[in-house]
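What follows is each chain in one-letter form.
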Amino acid sequence: MADKSILVIGAHSYIAQNFENYVKKKKKNWNITLVSASDGAWEKTDFSVYDTVLITAALVHRKKQKGTEELYRKVNQELPVRITKRAKEAGVKQVIFLSSMSVFGDNVERITKETIPSPSGLYGKYKYKAEQVLEKFQSEEFQIAIVRPPMVYGEGCPGNYGRLKKLAKVTWIFPDTQNKRSMIAIEGLCRELGGIVEKMEGGYFHPQDAEYINTAEMVQKMRAEMGKKTYLTRGFNWILKPLSKKVGIFRKVFGSMWYE
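Here we summarise the structure given alongside this text. Since this is a predicted model, take the numbers as computed values, not measurements. (Residues numbered from 1 in each chain as written. Predicted model: local features only at pLDDT ≥ 70, side-chain atom pairs only at ≥ 80, totals over all residues. Heavy atoms only, no water.)

The next point concerns the nonpolar core. Counting 37 residues, the largest nonpolar core has Ile15, Phe19, Ile96, Val147 and Leu193 as its most contacted members. Residues within four places of Val147 in sequence aside, it is in contact with Ile96, Phe97, Leu98, Ser99, Ser100, Leu189, Leu193, Ile196, Phe205 and Pro207. Core analysis: the next-biggest nonpolar cluster, separate from the first, contains 23 residues, Ile9, Phe47, Ile83 and Phe137 among them. (Core = buried A, V, L, I, M, F, W, Y, C linked by side-chain atoms within 4.5 Å. Buried < 20%, exposed > 50% of the residue type's maximum accessible area, 1.4 Å probe, protein only. Contact = heavy atoms within 4.5 Å.)

As a further point, take the pattern of salt bridges. Counting across every chain of the model gives eleven salt bridges. Between Glu198 and Lys27 there is a salt bridge whose closest N-O contact spans 3.0 Å. Here Glu198, found in helix H5 (residues 186–199), pairs with Lys27, found in the loop between helix H1 (14–26) and strand E2 (30–35); they are 171 residues apart in sequence, far enough to count as distant. The exposure class assigned to Glu198 is partly exposed, which follows from its relative accessible area of 43%. In this structure, the salt-bridge partner of Asp176 is Arg234, at a minimum N-O distance of 3.5 Å. Taken together, the positions of Asp176 in the loop between strand E8 (173–175) and strand E9 (183–185) and Arg234 in the loop between strand E11 (231–233) and helix H7 (237–243) put the pair 58 residues apart, joining distant regions of the chain. For Asp176, a relative accessible area of 10% gives the class buried. One network of salt bridges, in which partners are shared, links Glu70, Arg73 and Glu78. (Salt bridge = Lys/Arg side-chain N within 4 Å of Asp/Glu carboxyl O. Helix = DSSP H or I, 4+ residues; strand = E, 2+ residues; numbered from the N terminus.)

Overall, the coordinates contain five aromatic pairs when judged by the stated rule. Each ring, one from Phe19 and one from Tyr22, has its centre 6.0 Å from the other, and the planes form 20°; the classification is stacked. In this pair, Phe19 and Tyr22 both sit in helix H1, three residues apart, roughly one turn of the helix. Taking the centre distance of 6.2 Å and the plane angle of 80° together, the rings of Phe104 and Tyr259 count as edge-to-face. Of this pair, Phe104 sits in the loop between strand E4 (94–98) and strand E5 (110–111) while Tyr259 sits in strand E12 (residues 258–259), and the two are 155 residues apart along the sequence. (Phe/Tyr/Trp six-rings, centres within 6.5 Å; stacked < 30°, edge-to-face > 60°.)

Right, let's get into the packing of H1 against H5. When two helices pack together, you describe them by how their axes are tilted relative to each other and by the distance separating the axes. The geometry of H1 relative to H5 is characterised by a closest axis approach of 9 Å and an angle of 70° between their N-to-C directions. Compared by their axis directions, H1 and H5 come out roughly perpendicular. In this structure, H1 crosses over H5, and the sense of that crossing is right-handed. Together, Tyr14, Ile15, Asn18, Phe19 and Tyr22 of H1 and Ile186, Leu189, Cys190, Arg191, Leu193, Gly194 and Val197 of H5 make up the contact between the two elements. Residue composition of the contact of H1 with H5, by class: nine nonpolar, two polar and one charged. (Axes fitted to C-alpha atoms, helices over the stretch in contact; angles between N-to-C directions. Parallel < 35°, antiparallel > 145°, perpendicular 65-115°, else oblique. Left-handed = near helix turned anticlockwise from the far one by under 90°. Nonpolar A, V, L, I, M, F, W, Y, C, P; charged D, E, K, R; others polar.)

Attention now moves to the packing of helix H2 (residues 68–89) against helix H3 (residues 122–134). Their axes nearest at 9 Å, the elements H2 and H3 cross at an angle of 25°. For the element pair H2 / H3, the angle class is roughly parallel. Regarding H2 and H3, the two cross each other, and that crossing is right-handed. Across the interface between the two elements, Thr68, Glu69, Tyr72, Arg73, Asn76, Gln77, Pro80, Val81 and Thr84 from H2 touch Leu122, Tyr123, Lys125, Tyr126, Lys127, Lys129, Ala130, Val133 and Leu134 from H3. Class assignment for the residues of the contact of H2 with H3 results in nine nonpolar, four polar and five charged.

With that settled, the discussion passes to the sheet that holds strand E10 (residues 203–205). As summarised here, the arrangement of the six strands in space is E2-E1-E3-E4-E6-E10, forming an open sheet in which the pairing is parallel. Looking at which strands have only one partner, the edges of the open sheet turn out to be E2 and E10. Here the average twist between neighbouring strands, direction ignored, is 20°. Bridge count for strand E1 (residues 4–9) against E2 is six bridges, and the pairing is parallel. Considered in E2, the bridge of Ile9 is made with Val35. (Pairing = 2+ DSSP bridges.)

The structure is reproduced here in structure tokens:
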């Protein structure tokens, strides 16, 4: 009999697939099952045989147009609530909700335990709304763990990290803005999730790498792995630093945001 039995909802997500690999390699006495959320497969699953439900399903990058906000609300807020309600009714001991650092918004750099979430985009807005509902399910018999990772990176990683890696392939010169960012390697995030399952913990979690990084260093390392040299310059900082505080795309690339 498996020591732990985990149901992951969001089978196609990068984190779900990597967590499955982690469990199969490092926790061979655990049982893990991945099911899709988009096709409704989770609704046909018997939750009662699982100790933990991990929710990785989410709507991430979607251009804002008519109906977009409603879609974010259904996927990032309503779906996690429905899953958690079902899990509690089935006798599951723990739900882990994969939230995001983005619940703190774009106008904050240093995040401490006193920082109040203030999401500015639809993704973070509905992740935070889900958090607020999910924490009400917490009890001695039913643990709710809310994980707010910063940017995740690793082999084959999509999203902002993937786009930055594509840029790194073609640019030999890059601005050295000396920004400061929290990040976490996919391997580190999987270990963190494994620890939360192992200890059957609840509460809020803000995992990150042991060291902060700046974007210039990241690009330099990416290019070094490709066998390419990079020239870093501070010649553009006079314009990039103010832009990184006001303009979305510049803020994501050159802005600072870290967990204290």
